[in-house]
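Chains, contacts and geometry: an overview
Okay, here's what each chain looks like letter by letter:
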Amino acid sequence: MAPEIPIEATEAAQPVPAGSVAGEPPGAPPPEGGRAAARFGLGGVFGRLVRWEVALCVALVFVFGIGVDASGDFLSNYNLFTLCTNIGDLAIMALPMTLIVMVGEIDLSVASTLALSAETLGYLWSHGWPMAAIFVVVIALGVVLGAINGLLVTKVGLPSLAVTIGTLTLYRGLANVVLGPLTVSDFPAPFNELGVNGVPGLPFLSWSVAIFFVLAVIFGVVLHGTPFGRSLYAIGLNKEAASHAGIRVPRVKMGLFILSGVVCALVGMLYAFELSSVGENIGIGFELMVITVVLLGGVSIFGGRGTIIGVVLAAFVYGGLRSALLISSSFNENDFQIVSGGLLILSVLVPNVPLFAERARELMRRRAARGIIVSPESSSPTPPPTQGMVT
Amino acid sequence: MSAAREPEAEPSEPESQRRLVDVVLRARTFGIIVVLGVLVLITALIQSRFVGGGEVRFILSQTALYALVAVGEAMVILTRNVDLSVGSVVGLSAYVSANMFGTHPGIPIVLVFLVGLGVGLGCGVITGAITAIGRVPSLVVTLAMLYIIRGVDTIIVGSGVVLASTEPNSFLNIPTATIFGLPDLALAVAVVVAIAAYYLNSYRSGRDLYAIGSDPDAARRAGIPVAKRVFTAFVISGGLAGLGGVVWASQYATIESTAASGLELQIIASVVVGGVAIFGGSGSVVGAALGALLLQTINSALNVIGVSSIWTEAISGLLLITAITLDRGIQLRVAAALRRRRVRLGA
């Protein structure tokens, strides 16, 4: 119950990133932004979320329209299966990332965690370990890697951005060491077929996307339907208030980082099986795509806002766009990198549009005022909200 | 609050605070120098050729590139932002500038440096404008720019590659040229570091960067043009990365589209190891340059004592984490010491 109230209140008053700084005390109303939001019809958290998700639905239809227009093969089982295999692993990693971003943190080490667990799989398999034992080791590895992030963030009190840039480098570096330049590719057939055959009866659906759907339902229910899920919103909106309301913030964050570690470690195995091999630089740069999907899904980089449905839709908009662009011959993988970066920038710029409009009005008002009163100080506006890195 | 009750204690309090913070910051820089000294000593005991002129020149020349880019990155991080796109800027600038030798044979080297600088400034303007005017987190913007610039680089390069044979010897000799036994590059970069340090310490706009990093809101209320300063920091970072690209080209000679990818992580590691707080507001460019020197010395030391270069990345990650953990400890200690002092003065 308790978290519900601050969400509504703060959300309505704060359409704009409030930044990381302890500048404005919680509860102090930033009036300009609030009015801007109201004028643009963005007041109320539900109205806004529905809008974002409706926009994503439209984008999804649009993207599939482009795809079908570009090639009749777009909706073929083969192409849809390829689309699924391309997006499935990223989408699974986006789920724990959503929760981490929700509480105002970030995990840039996901791709390196994936790589280290995949390389560990390759190393152990090439040394004759049974698959079941490897499975256990990889899960334990995921727990450890996630716990390192979590401990540094919660116990030492470091910003997750800095910590996970460090572990991004560290885990990737260790992954390079595990196998060195070797490639391991003699996994048993049933595993290798994960990336070749779809789910029985649904040839267009890859196993990764099937797993993603199941996990998305679980994550969705937990996030939107349980007190624990609501507490994540509360932490993201106001850590102190959440803490005073009895939420054990450090423990929750610790749990989320471990969850992310385990999920990414398991995706590492899945990804290795899909590729049927483990080699150097596996999954490099995945963190960008995972974060793009999460932010495109309407999750605020400042925490406290977003839905699982948005992230699911964003995963398919992203995957669909990639497939649609690649199928129209003039695009290649590299061009999509640019598109993907552009999408990422757009997904943080668009929510700021009301702010830009407000500032433009403010500027015009000030200019008009200057015509009458000479001193610009007297009409000095409310300082715009903080900009800066994420906490 | 105690100052309000006891006005006579007020003048000495900020003074002593400043002195303590100053001492700690100096100790931080001094710490790096000590670590460097110990590292060099141990490595030299294991393998005496480590302190030979050749090896020292090599390390200094390698450091030049990292220190150059780290200076710009440090200025961005001081403002509580981060620039993840520097690796891509170095790569793009390296290709574009070195390619000039192929397309315009006989072009003066100075002009090539200017081209690299221009490429970097261009990238910095775009990143800075989106971050400062768009008021969006620099982490997201520069992460996106990392991939966008790399993508543009790949398109420009295509399947091509710049080969050493197209570049004049005078260009390829830059990394090995020396004055008084010291590499030209290292000296040039030392000058850049000195200028940047002077600017940050003595110019109002330089001090503004610290103010913004300490508390962006307070800085804005104090009348500091935050957006303008942040924009400038990104442009400088871009420009220095652009120059770094030309240096990269002269060092590696063969340039592909993947040139300098992942460099940003080493640069950030250098800056943070050098004592610039990842949350802005404290640190110095001299520290950042020393951080770069330390990282490069470690790489060379590992190489000399026979540890495979495969460990480089893991070690720089570990160093980064150690450095931020250490800084956090120092920060807590200082805060506690200041609090104690305040209590004493208040009592």
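Owing to the predicted nature of the structure, the values given are computational and were not obtained by experimental measurement. (Residues numbered from 1 in each chain as written. Chains lettered and ligands numbered in written order. Predicted model: local features only at pLDDT ≥ 70, side-chain atom pairs only at ≥ 80, totals over all residues.)

Along chain A, the regular secondary structure elements total 16 helices and zero strands. For chain A, the residues scored as buried account for 50% of the 391 residues in total. For chain A, long-range pairs separated by at least 24 residues make up 79% of all intrachain contacts whose partners lie at least 6 apart in sequence. (Helix = DSSP H or I, 4+ residues; strand = E, 2+ residues; numbered from the N terminus. Buried ≥ 20, exposed ≤ 12 C-beta atoms within 10 Å, placed from the backbone. Contact = placed C-beta atoms within 7 Å.)

Counting its secondary structure elements, chain B contains 14 helices and two strands. Against the 2.2 N^0.38 benchmark of 20 Å for 347 residues, chain B shows a C-alpha radius of gyration of 22 Å, consistent with a compact globule. Principal-axis analysis of the C-alpha atoms gives chain B an extent of 75 × 55 × 35 Å. Classification of the 347 residues of chain B by burial places 50% in the buried group. Long-range contacts, defined here as pairs at least 24 residues apart, represent 80% of the contacts in chain B between residues at least 6 apart. (Rg over C-alpha atoms; globule rule 2.2 N^0.38 Å.)

To continue, consider the environment of P188(A). With respect to the helices and strands, P188(A) occurs in the loop between helix 7 (160-179) and helix 8 (189-192). With 10 C-beta atoms counted inside 10 Å, the residue P188(A) sits in the exposed group.

Our focus in this paragraph is the interface of chain A and chain B. Taken residue by residue, the interface counts 47 residues in chain A and 47 residues in chain B. A breakdown of the residues in the side of chain A that touches chain B according to their chemical character gives 26 nonpolar, 18 polar and three charged. (Nonpolar A, V, L, I, M, F, W, Y, C, P; charged D, E, K, R; others polar.)

Here we come to the packing of helix 9 (residues 207-225) of chain A against helix 10 (residues 227-237) of chain A. Residues and elements named next belong to chain A. Packing of helix 9 against helix 10 leaves a shortest axis separation of 5 Å and a crossing angle of 70°. If you check the angle between helix 9 and helix 10, you find them roughly perpendicular. Residue-level contacts link V222, L223, H224 and G225 of helix 9 to F228, G229 and L232 of helix 10. Along the lines of polarity and charge, the residues of the contact of helix 9 with helix 10 split into four nonpolar, three polar and no charged. (Axes fitted to C-alpha atoms, helices over the stretch in contact; angles between N-to-C directions. Parallel < 35°, antiparallel > 145°, perpendicular 65-115°, else oblique.)

Ranked by size, the top nonpolar core spans 214 residues in total, and within it V293(A) and V71(B) carry the most contacts. The element best represented in this core is helix 4 (residues 77-102) of chain A, accounting for 16 residues. (Core = buried A, V, L, I, M, F, W, Y, C linked by C-beta atoms within 7 Å.)

Turning next to the environment of S250(B). Residues and elements named next belong to chain B. Counting through the fold element by element, S250 comes out in helix 11 (residues 226-252). The spacing of S250 and A164 is 86 residues in sequence and 9.0 Å in space, taken between C-alpha atoms. Leaving out residues up to four positions away in the same chain, S250 has contacts with F171, L172, I174 and P175.

Once that is clear, we can look at unusual backbone geometry. In the Ramachandran plot, S276(A) falls in the positive-phi region, its phi being about 60° despite a non-glycine side chain. Tracing the sequence through the fold places S276(A) in the loop between helix 12 (249-275) and helix 13 (286-296).

Residues and elements named next belong to chain A. Residues at a pLDDT of 70 or more form 82% of chain A, whose mean pLDDT is 81. This stretch, residues 1-43, has a pLDDT under 50; its non-local contacts, to residues over four places away or in other chains, come to 86 contacts. Segment residues 374-391 is flagged for pLDDT under 50; beyond a separation of four residues in sequence, or across chains, it makes 55 contacts in the model. (pLDDT = per-residue confidence, 0-100.)

Moving on, we come to helix 13 of chain A. Within helix 13 of chain A, eleven of the eleven residues are buried, which leaves the element mostly enclosed by the surrounding structure. The complete set of buried residues in helix 13 of chain A reads F286(A), E287(A), L288(A), M289(A), V290(A), I291(A), T292(A), V293(A), V294(A), L295(A) and L296(A). Taken together, the buried residues of helix 13 of chain A touch helix 4, helix 5 (110-126), helix 14 (308-327) and helix 15 (333-349) of chain A together with helix 6 (138-157) of chain B.

Here we come to the confidence of the model for chain B. All names here are of chain B. Averaged over chain B, the pLDDT score is 85; the fraction of residues at 70 or greater is 93%. No element of chain B has a lower mean pLDDT than helix 1 (residues 2-5), at 42, and none a higher one than helix 11, at 94. Contacts of residues 1-11 to residues separated by more than four positions or lying in other chains number nine contacts, the stretch itself having pLDDT below 50. For this predicted complex, the interface confidence reaches an ipTM of 0.80, while the overall pTM sits at 0.81.

On to helix 12 (residues 263-273) of chain B. All names here are of chain B. Among the eleven residues in helix 12, eleven count as buried, and that is most of the element. For helix 12, every residue scored as buried is listed here: L263, E264, L265, Q266, I267, I268, A269, S270, V271, V272 and V273. Two residues or fewer after helix 12 comes G275, characterised by a positive phi angle close to 95°.

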